[in-house]
Amino acid sequence: MQAVYRRRVLRRREAAGQTVLGKGPFILLGVMALFFVFAVFVFPVLVRGS
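What comes next is a walk through the structure. (Residues numbered from 1 in each chain as written. Predicted model: local features only at pLDDT ≥ 70, side-chain atom pairs only at ≥ 80, totals over all residues. Heavy atoms only, no water.)

1. Description of the overall build of the protein
Condition: Secondary structure follows DSSP: runs of H or I at least 4 residues long count as helices, runs of E at least 2 residues long count as strands, and numbering of each begins at the N terminus. Two things to know: the radius of gyration comes from C-alpha atoms, and the globule rule equals 2.2 Å times the number of residues to the power 0.38. The rule is simple: take the accessible area with a 1.4 Å probe, protein chains only, and divide by the maximum for that residue type; under 20% is buried, over 50% is exposed, in between is partly exposed. Per-residue and other accessible areas were derived by the Shrake-Rupley procedure at a 1.4 Å probe size, with only the shown protein chains allowed to occlude residues.
Along the protein, the regular secondary structure elements total two helices and zero strands. In terms of overall dimensions, the protein is more spread out than a globule: its C-alpha atoms have a radius of gyration of 19 Å, far above the 10 Å expected for 50 residues. Overall size of the protein, expressed as C-alpha extent along the three principal axes, is 55 × 25 × 5 Å. When burial is assessed residue by residue, the protein has 2% of its 50 residues classed as buried. When the accessible surface of the protein is split by element, carbon and sulfur atoms take 69% of a total near 5000 Å².

2. A word on helix H1 (residues 2–16)
Put simply, the rule reads: By this rule the span expected of a helix is its residue count minus one, scaled by 1.5 Å.
With 15 residues, H1 should cover 21 Å at 1.5 Å per step; its first-to-last C-alpha distance of 21 Å lies within 8% of that length. Counted residue by residue, H1 has one buried out of 15 residues, so it is predominantly exposed.

3. Notes on the packing of aromatic side chains
To keep it simple, the criterion reads: We call Phe, Tyr and Trp rings a pair once their centres come within 6.5 Å, taking the six-membered ring for Trp, and we label the pair stacked below 30 degrees between planes, edge-to-face above 60, and tilted otherwise.
Applying the stated criterion to the full structure yields one aromatic pair. Each ring, one from Phe38 and one from Phe43, has its centre 6.4 Å from the other, and the planes form 50 degrees; the classification is tilted. Classification of Phe38 by relative accessible area gives partly exposed; the value is 38%. Using a relative accessible area of 46% as the deciding quantity, one classes Phe43 as partly exposed.

4. Some thoughts on helix H2 (residues 24–49)
To be explicit about the condition: The reported bend at a residue is simply the angle between two axes, fitted to the 7 residues ending at it and to the 7 residues beginning with it.
Given a rise of 1.5 Å per residue, 26 residues ought to cover 38 Å, and the 36 Å separating the end C-alpha atoms of H2 matches this to within 8%. Along its length, H2 shows its largest kink, about 40 degrees, at Ala39. Here H2 lies mainly on the outside; zero of its 26 residues are buried.

5. Regarding a nonpolar patch on the surface
The condition is simple: Two distance rules govern patches: like charges are joined within 9 Å, and nonpolar side chains (Val, Leu, Ile, Met, Phe, Trp, Tyr) within 5 Å, applied only to residues with over 30% relative accessible area and no salt bridge. Definition used for salt bridges: Asp or Glu carboxyl oxygen within 4 Å of a side-chain nitrogen of Lys or Arg.
The grouping of Phe35, Phe36, Val37, Phe38, Val40, Phe41, Val42, Phe43, Leu46 and Val47 at the surface amounts to a nonpolar patch, some 980 Å² of accessible area in total. Here Phe35 is to be found in helix H2. For Phe35, a relative accessible area of 59% translates into the label exposed.

Right, dumping it as structure tokens:
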């Protein structure tokens, strides 16, 4: 029942011209950015230190 309501709300927002992205993509981008910072800056320091 909730899936039907959610789909209806998303369609209404699309029709109004709003973006329908939730928090999920932004959380994923944040995790990817943290991994990138770790891989580029933190990991080489850890490898050189040992």
